[in-house]
Amino acid sequence: MRLHSLENRVIVLFIGLLLSVQLVAYFVIGNAIDINARTAIEEDLKINEKIFTRLIEQNAQKLIQGANLLAKDFGFRDAIGSHDTETIISSLQNHGQRIGADLSMLVGLDGKILAASSPDLAAGLQASVSQLMPSANATGSASRIEIVDGKPYQMVMVPIAAPVTISWVAMAIPIGKTIVDDMQQLSLMQISLLTSDSQGHWQANVSTLPASAAASLANLLPTSFTHAQLIADLQLDDNLYSARVLPLARNDTASTIAVLQLSVSQAVAPYKQLQRNLLLLSVIGSLLAIVVSVITARRITGPVRQLAETARRLGIGDYQVAIGVLQKDEIGDLARSFAKMRDAIALREQQISRLAYHDTLTDLPNRARFADMVGQAIEQAKASGGSCFVLMIDLDRFKHVNDVMGHRFGDLLLRQVALRLRTEIGLSGQAPARLGGDEFAILLSEATLADAVGLAERVLQALEQAISIEDQTVDIGAGLGIAGFPAHAGDTEMLLGHAEVAMYVAKQSKNGAVIYAPEIDKSSQQSLSLLTEMRIALEQNHFLLYLQPKLALDSGAVVAVEALVRWRHPQRGMIFPDQFIPFAEQTGFIRQLTHWVMQAAARTCHAWDAAGLQFKMSVNISTRDLLDQELPNKFAAILLEHQVAASAFCLEITESAIMDDPVRAHQTLDKLHAMGMQLSIDDFGTGYSSLAYLKSLPVDELKIDKSFVLKMEQDIDDSKIVKSTIDLGHNMGLRVVAEGIENLEVMQLLKNLGCDQGQGYYISRPMPAEDFPAWLQQWQARSI
Ligand code: C2E
Ligand code: CA
Ligand code: CA
């Protein structure tokens, strides 16, 4: 259970509020009770003090009446007159006993004690006699409290008149248990009488308190009191009292006080009971409040918690979770909005994942989805101990079609291809996907290599059939690579990578389907080292310029040469261009190589100029060169460097090189032509370019591919093609050149067909450039 949860906070707040209100009430009430009780006690004490004072006064009056009775007694007065001491003393004793006095005495006018019922006590009160006498003389009686031997006495004095005062009667009665008992009967308070000794220590004379409480009272009191005083808190044993102290008498050595006490605890007791009831009520109320607030909090937080859980499940992509909040309040509204949001998110996620994992053009899974599928198939194969295969397909010439026919056409073509793949796969449950551009892939889960090869053949056959779109028919072949788990790769990435490698090999070798093998990768590693070797060859001047002459067929004069590159490898010996030009084209190294050939050719032309020789120099150019926007500038710089005219050069470009990116090729060719260079279409007859397009190029020469020329004297078809190509070239106003002339017959045939120039082993194999002048001399000598 979380401490900071909403539920707990609501509960804590509720109960906290309730408890604090009750606590404050409890203490305020408690305090009020206390204050009230104490005021009441104080009042009570004051009243009781008055009662007590009155009681003492009554006591004194009673004693005065008793003394007056004696003073008027005839027998007593007679005895005084006759100085009958015995009778006097017995009268004093009898009378004193009757009214409960401890002492009765006869005092002379001079204040001397003439006779006493108790001589010891009388001696202790001698001093008081002289103090009482003046007021007794004035008012007819006097009373006073005196302390003798640590005990308080009420003492009174009245005259004996006959009718003039002849002597005095004085009486004393102890103030003690009697008066205390009387007092207690009148009120419920505790009362104690205490007298202090000469050291100021209090001693209880009499007390309604238990002995131990009385003793601790004596210890707690201050040493002296001059007037009546309140002591609010007096803790005696287990009881708390409020007390009122009343000084009764004082002399030089001692003083007597009365202490009236009321028990605070007792006074407060009924209120305390009330307060306890209140506390009990509070506790019950709080418990009820806890229960109610827990229920309320649950009502609020239960649905909130459910929504939070739903949100968490949404977070991990679970949209099935139901929201069971049926409340009709704001929380119910929230829950319903939440459910709507969940549905909307689910729908949107579906759309997003469709976009993220789907190729919208072909309606096939895309690369990311395909990789997932392959991953699953690998897991499945791992579990079952089987295998799965990936077929990767790359269309031939798609870029070309896209450029020439437009993107809309390209899109339609891709759709057609997707359709064919689907048809070929059929309902076998295997999935085609479009990985991007013109690259497709098929996953065969739980399949054998034979299955994969079988499907690959069917797919290739299907793609070899021309596709027609909007009255246009397009031939579209493909390269296809096969790789499988666990035979060729251990994981998805490697499997896709190897299928791709196999596919590239298939495309290069124009070999239909290729199954991945580690050697393929090795060959690609070899390629890497080949690139390094080519760079080194360029630095160390291992490339050589070879030249092959071209004749004007009608005159037999050498009119031109074709520059052909050779590589003299320090270990491998002479390497022919077929072995490295395609690779140089793939890697882009061809640009550097073309630059080198052009330099060498220009240098040769310059040397010939000096020697008075003039032959057109044909140089071969590749696709990559044509795509280089800077090519015309680079050539211009070379021409300038070697001081040769652009018109000395003819650039041979294969049809397919032009068609890889016709727009850019067109631009570059225009610039080169504008510089004054001639242009020639090489290997004419092997490509697919439309005549209309070729016509739009600034071309000067057509070069019939040697494959038609080599066997033209045996093959009627070939010679027909050659004848029509020559006518076609001439119709377009172009010079026509035939390469691959290996014998005199072919040369004669071409001459008869009106072909302008010829080139071939019959005339000369390509030779090192420096050998050319010598060969030329020999040739000219022979033909003369
Ligand atoms: P290409 O431009 O068609 O060059 C003509 C090829 O035919 C040359 O092969 C040449 O030796 C060969 N040939 C000439 N007469 C005959 C003949 O009577 N019979 C036969 N069987 N062959 C003949 P090479 O020199 O091996 O060049 C092959 C290809 O390499 C060239 O074909 C060209 O496409 C490319 N190439 C050569 N040098 C360069 C270069 O400097 N730059 C570029 N980009 N490509 C080059
Ligand atoms: Ca050529
Ligand atoms: Ca050629």
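Placed above this text is the structure.
Each chain carries its own residue numbering, running from 1 in the written order of its sequence. Starting at A for chains and at 1 for ligands, labels are handed out in the order in which the entities are written. The predicted origin of the model limits local features to residues at a pLDDT of at least 70 and limits the giving and counting of side-chain atom pairs to 80 or more, whereas totals for whole chains, interfaces and linings rest on all residues. Side-chain numbers here rest on the full set of heavy atoms in the structure, without hydrogens or water.

Colleague: I keep staring at the pairing of strand E1 (residues 103–107) and nothing clicks. Help me out?
Modeller: Working note: regular strand, side chains alternate between the two faces of the sheet. Buried residues are those whose accessible area, probed at 1.4 Å on protein chains only, stays under 20% of the maximum for their type, while exposed residues exceed 50% and partly exposed ones sit between those limits. Secondary structure follows DSSP: runs of H or I at least 4 residues long count as helices, runs of E at least 2 residues long count as strands, and numbering of each begins at the N terminus. Most of E1 is tucked away, with 5 of its 5 residues classed as buried. For two strands to be treated as a pair, DSSP must find no fewer than two bridges joining them. Here 5 bridges tie E1 to strand E5 (residues 165–174), and the two strands are oriented antiparallel to one another. Note that in E5 the partner of Leu-106 across the bridge is Val-169. Between E1 and strand E2 (residues 113–116), which pair antiparallel in sequence order, lie 5 residues; one of them, Gly-111, sits at a positive phi of approximately 90 degrees.

Colleague: What is the right way to read the packing of aromatic side chains from this model?
Modeller: The geometry of an aromatic ring pair is captured by the separation of the ring centres together with the interplanar angle, meaning the angle of the planes. When two rings of Phe, Tyr or Trp (its six-membered ring) have centres within 6.5 Å they constitute a pair, described as stacked for plane angles under 30 degrees, edge-to-face for angles over 60, and tilted for the intermediate range. Going through the model one piece at a time under the given rule, you end up with 11 aromatic pairs. Ring centres of Phe-543 and Trp-567 lie 5.5 Å apart, and the angle between their planes is 45 degrees; on these two criteria the pair is classed as tilted. Of the two residues, Phe-543 sits in strand E20 (residues 543–552) while Trp-567 sits in strand E21 (residues 558–569), which places them 24 residues apart along the sequence. On the basis of relative accessible area, Phe-543 is assigned to the buried category, the value being 2%. When its relative accessible area of 1% is taken as the criterion, Trp-567 is described as buried. Of the aromatic side chains, those joined through ring pairs into one cluster are Trp-608, Phe-615, Phe-772, Trp-775 and Trp-779.

Colleague: Where do I start with the coordination of the calcium ion (ligand 3) in this structure?
Modeller: Geometry reference: four tetrahedral donors at a metal, ideal angle 109.5 degrees. Six octahedral donors, ideal angles 90 or 180 degrees. Surrounding the calcium ion (ligand 3) are the protein donor atoms Asp-682 (OD), Asp-683 (OD), Glu-739 (OE) and Glu-739 (OE), at 2.2 to 2.7 Å. For the calcium ion (ligand 3), the donor residues sit on a single chain with the sequence spacing D-D-x55-E. Distances up to 2.8 Å from the metal define which N, O and S atoms are donors, and 3.2 Å serves for Na, K and Ca; water is absent from the atom set, so sites may look incomplete. Separating the calcium ion (ligand 3) from the calcium ion (ligand 2) is a gap of 4.0 Å, bridged by Asp-682, which donates to each. Of this pair, Asp-682 sits in strand E25 (residues 678–684) while Glu-739 sits in strand E27 (residues 735–739), and the two are 57 residues apart along the sequence. Glu-739 sits in the buried class, given a relative accessible area of 8%.

Colleague: What's the story with the site of ligand 1 in this structure? I'm lost.
Modeller: The environment of ligand 1 is formed by 21 residues, the closest being Gln-548, Arg-566, Asp-682, Glu-742 and Tyr-761. Alone, ligand 1 offers 790 Å² of accessible surface; in the complex the protein occludes 89% of this. At the level of elements, E21, helix H16 (577–587) and E25 are the ones that each hand at least two residues to the shell around ligand 1. Top contributing element to the shell around ligand 1 by residue count: E21, with 4 residues. Classes in brief: Ala, Val, Leu, Ile, Met, Phe, Trp, Tyr, Cys and Pro nonpolar; Asp, Glu, Lys and Arg charged; the others, Gly included, polar. The residue makeup of the shell around ligand 1, split by class, is 8 nonpolar, 5 polar and 8 charged. Nearness of a residue to a molecule or strand requires only that one of the residue's heavy atoms be within 4 Å of it. For the area figures, the Shrake-Rupley method with a 1.4 Å probe applies, and any residue is considered shielded solely by the protein chains shown.

Colleague: How should I be thinking about the sheet that holds strand E9 (residues 239–250) in this particular structure?
Modeller: Sheet strands line up and pair through hydrogen bonds in the backbone, either parallel or antiparallel. The strand order E7-E6-E10-E9-E8 describes an open sheet built from 5 strands, whose pairing is antiparallel. In the strand order of this sheet, the two ends are held by strand E7 (202–207) and strand E8 (229–236), each with one partner. When the angles between neighbouring strand axes are averaged without regard to direction, this sheet yields 35 degrees. Relative to E7, strand E6 (residues 190–196) runs antiparallel, the two sharing 5 bridges. Residue pairing in the sheet places Ser-196 in a bridge with Trp-202 of E7. Contacts from helix H1 (residues 6–72) reach E6, E8, E9 and strand E10 (255–263) within the one sheet, and its direction differs from that of E9 by about 30 degrees. To get an axis, fit a line to the C-alpha atoms, keeping to the stretch in contact for a helix; angles then go from 0 to 180 degrees between the N-to-C directions. We call two residues in contact whenever any of their non-hydrogen atoms come within 4.5 Å of each other.

Colleague: Looking at this model, I keep getting lost on the coordination of the calcium ion (ligand 2). Mind explaining?
Modeller: Bound to the calcium ion (ligand 2) on the protein side are Glu-562 (OE), Asn-620 (OD1), Glu-652 (OE) and Asp-682 (OD), at distances that span 2.1 to 2.3 Å. Between the donor residues of the calcium ion (ligand 2), the gaps in sequence give the motif E-x57-N-x31-E-x29-D. A relative accessible area of 28% means that Asn-620 is categorised as partly exposed.

Colleague: Where do I start with the sheet that holds E1 in this structure?
Modeller: Spatially, the 5 strands line up as an open sheet ordered E2-E1-E5-E4-E3, and their pairing is antiparallel. Looking along the sheet, the strands with just one partner apiece sit at the ends: E2 and strand E3 (142–148). Averaged over neighbouring strand pairs, the angle between their axes works out to 25 degrees when direction is ignored.

Colleague: I keep staring at unusual backbone geometry and nothing clicks. Help me out?
Modeller: Trans is the prevailing form of peptide bonds, just as negative phi is the prevailing case for residues other than glycine. A cis amide bond, omega 0 degrees, links Phe-485 with the succeeding residue Pro-486. Tracing the backbone through its elements, the reader meets Pro-486 in the loop between strand E18 (478–485) and helix H14 (492–509). A positive phi angle, close to 55 degrees, is found at His-83, a residue other than glycine. Checked against the element boundaries, His-83 lands in the loop between helix H2 (74–81) and helix H3 (85–99). Take His-83: its relative accessible area is 65%, and that puts it in the exposed class. At Glu-446, a residue that is not glycine, the phi angle is positive and equals roughly 50 degrees. Along the chain, Glu-446 falls in the loop between strand E15 (439–444) and helix H13 (449–464).

Colleague: Explanation requested: the packing of H1 against helix H6 (residues 177–186) in the structure shown.
Modeller: In helix packing, the relevant descriptors are the interaxial angle and the interaxial distance, both defined with respect to the helix axes. H6 packs onto H1 with a crossing angle of 140 degrees between their chain directions and a minimal axis gap of 11 Å. The angle between H1 and H6 places the two elements in the oblique class. As for the relative orientation of H1 and H6, their crossing is right-handed in sense. Residues Asn-48, Ile-51, Phe-52, Leu-55, Ile-56 and Asn-59 of H1 pack against Ile-179, Asp-182, Met-183 and Leu-186 of H6. Across the contact of H1 with H6, the residue classes break down as 7 nonpolar, 2 polar and 1 charged. With respect to orientation, any angle under 35 degrees is reported as roughly parallel, any angle over 145 as roughly antiparallel, any angle of 65 to 115 as roughly perpendicular, and every other angle as oblique. Each crossing gets its hand from how the near helix is turned against the far one by less than a right angle, where anticlockwise is left-handed and clockwise is right-handed.

Colleague: Whenever I open this one, helix H24 (residues 716–731) confuses me. Can you help?
Modeller: Residues lying three or four places apart along an α-helix face the same way, a consequence of the helix completing one turn every 3.6 residues. Any helix carries an expected span of 1.5 Å times its number of residues minus one. In this model, H24 (16 residues) spans 22 Å end to end at C-alpha, consistent with the 22 Å of a helix rising 1.5 Å per residue. Each element contacted by the buried residues of H24 is listed here: E25, strand E26 (701–704), helix H23 (706–709), E27 and helix H25 (744–752). Whenever two N or O atoms come within 3.5 Å, that pair is a polar contact, provided that in protein one can donate a hydrogen and the other can accept it, and provided that, for residues adjacent in sequence, both atoms are side-chain atoms. One side-chain oxygen of the residue at the start of H24 lies 2.9 Å from the amide nitrogen of Asp-717, identifying that residue as Asp-715. Backbone geometry just downstream of H24 places Gly-733 in the positive-phi region, at approximately 80 degrees.

Functional significance is not addressed by these values, which are geometric in nature.
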